[in-house]
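What follows is each chain in one-letter form.
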Amino acid sequence: METIQSKAAQGRVADAPSGHWVYRILPRGLWPYAQLARWDRPIGWQLLLWPCWWSAALAASAYARPDDSLVSLLPQLSTLLLFLIGAVAMRGAGCTYNDLVDEGIDNQVERTRSRPLPSGQVSRRQAWAFLVLQALAGLVVLVQFNSFAILLGLCSLVVVAIYPFMKRITDWPQFVLGLAFSWGALMGWAAEFGDLDGPAVLLYAGSILWTIGYDTIYAHQDKEDDAIVGVRSTARLFGANTKPWLVGLYGGALLCFALAFASAQAPVVALAGLIAAGAHMTRQITTLDIDNPDQCLRLFKSNNVVGWLIFAGLIGAALWVTLKPMI
């Protein structure tokens, strides 16, 4: 389905992949809602999910002892599934809210003017109703956890609420995005232990740095339009110095992750995932062309691989504790 959506015609949004299941399976009447929730661009909920899964996996294998069973060292599948559902619901709610706040800006940017609100495919009232529905789905997920985790999850809404306005007042909106998108690094630990400790805080700090890095790459797609309409970003701030900044951001993220693992006494095998993630991050930096929007989008999306590598390292570490006595 190649038609790019506009006020004159319904279709896909400009940065959604052609032939996506949203446009092949869903009735046309539901397309605008799928677009508000970004179901046709899953990378957002994937990147929101990874800190949740990392935290759950780290909490499960923290302070491991040789006689611990494999089941006790792995995150519960029910917990991972709840985080998955919550990430999809809350990412969708956050994007819908962001579109409501940014409708005027989106109408002036080439990549975003095809979104359902600026293209007139959905009304603001309909968008608000859909936002409430998604938030309720997220609440249903949240109340499955302990009271401390519930309160912690509700606190994240403050950051989510202020994020869309940051691009108007600071060159660091990516930092505020990092605060919101990395909240899961606290949630997984809280769901396991009912409190927060050093490993969770370090994991959160590393996730924030990682988010600033990958969203800076993403923001380079729109820097020309952003300059015209007055939208601020780290992409515009860093400019030609983006690569050195990425070295610092990604390097800092990996250091925080390693310190989190050490503080939690995670099995050393977990570092293998960090090494592989570091190699992938290095490739991102060395190949990045900040003036190639298509490549920026591809490199941004490739951070899903970083998520998998770090998570696989933590799962591998749990397996190692169990299998090592048998070797």
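As a reminder, the structure under discussion sits directly above these lines.
Residues numbered from 1 in each chain as written. Predicted model: local features only at pLDDT ≥ 70, side-chain atom pairs only at ≥ 80, totals over all residues. Heavy atoms only, no water.

## Thoughts on the overall build of the chain
Phase 1: Regarding its fold elements, the chain presents 17 helices and zero strands.
Phase 2: A compact globule built from 327 residues should have a C-alpha radius of gyration of about 20 Å, and the chain, at 20 Å, falls within 12% of that.
Phase 3: Considering only C-alpha atoms, the chain reaches an extent of 65 × 45 × 35 Å along its principal axes.
Phase 4: Relative to its full complement of 327 residues, the chain shows a buried share of 54%. (Helix = DSSP H or I, 4+ residues; strand = E, 2+ residues; numbered from the N terminus. Rg over C-alpha atoms; globule rule 2.2 N^0.38 Å. Buried < 20%, exposed > 50% of the residue type's maximum accessible area, 1.4 Å probe, protein only.)

## Concerning the pattern of salt bridges
Any two side chains of opposite charge can pair, so long as their charged atoms come close to each other.
Phase 1: Overall, the coordinates contain 11 salt bridges when judged by the stated rule.
Phase 2: For Arg-38, the salt bridge identified is with Asp-99, shortest N-O distance 2.8 Å. Of this pair, Arg-38 sits in the loop between α2 (31-36) and α3 (43-61) while Asp-99 sits in helix α5 (residues 77-101); the two residues are 61 residues apart in sequence, bridging distant segments of the chain.
Phase 3: Here Arg-38 falls in the buried class, since its relative accessible area comes to 5%.
Phase 4: Using a relative accessible area of 2% as the deciding quantity, one classes Asp-99 as buried.
Phase 5: In this structure, Arg-115 and Asp-99 form a salt bridge, with 3.5 Å as the shortest nitrogen-oxygen distance. Placement of the pair is Arg-115 in the loop between α6 (103-106) and α7 (124-142) and Asp-99 in helix α5, with a sequence separation of 16 residues. (Salt bridge = Lys/Arg side-chain N within 4 Å of Asp/Glu carboxyl O.)

## Let's talk about a nonpolar patch on the surface
Phase 1: Together, Met-90, Val-132, Leu-136, Leu-139, Val-143, Leu-154 and Leu-157 make up a nonpolar patch on the protein surface, roughly 560 Å² of accessible area in all.
Phase 2: Secondary structure elements with two or more residues in the nonpolar patch: α7 and α8 (147-169).
Phase 3: With three residues, α7 is the single largest residue contributor to the nonpolar patch.
Phase 4: In this fold, Leu-136 is placed in helix α7.
Phase 5: Since its relative accessible area comes to 47%, Leu-136 is described here as partly exposed. (Patch = residues over 30% accessible without salt bridge, like charges linked within 9 Å, V, L, I, M, F, W, Y side chains within 5 Å. Areas by Shrake-Rupley, 256 points an atom, 1.4 Å probe, with all protein chains shown as cover.)

## Notes on α3
Phase 1: For α3, built from 19 residues, the straight-helix expectation of 27 Å at 1.5 Å per residue is met to within 8% by its first-to-last C-alpha distance of 27 Å.
Phase 2: Approximately 25 degrees is the largest bend angle found in α3, and it occurs at Leu-49, with the proline Pro-51 only one to four residues beyond.
Phase 3: Burial analysis of α3 places 18 of its 19 residues in the buried class, which makes it a mostly covered element. (Expected span 1.5 Å × (residues − 1). Bend = angle between axes of the 7 residues up to and from the residue.)

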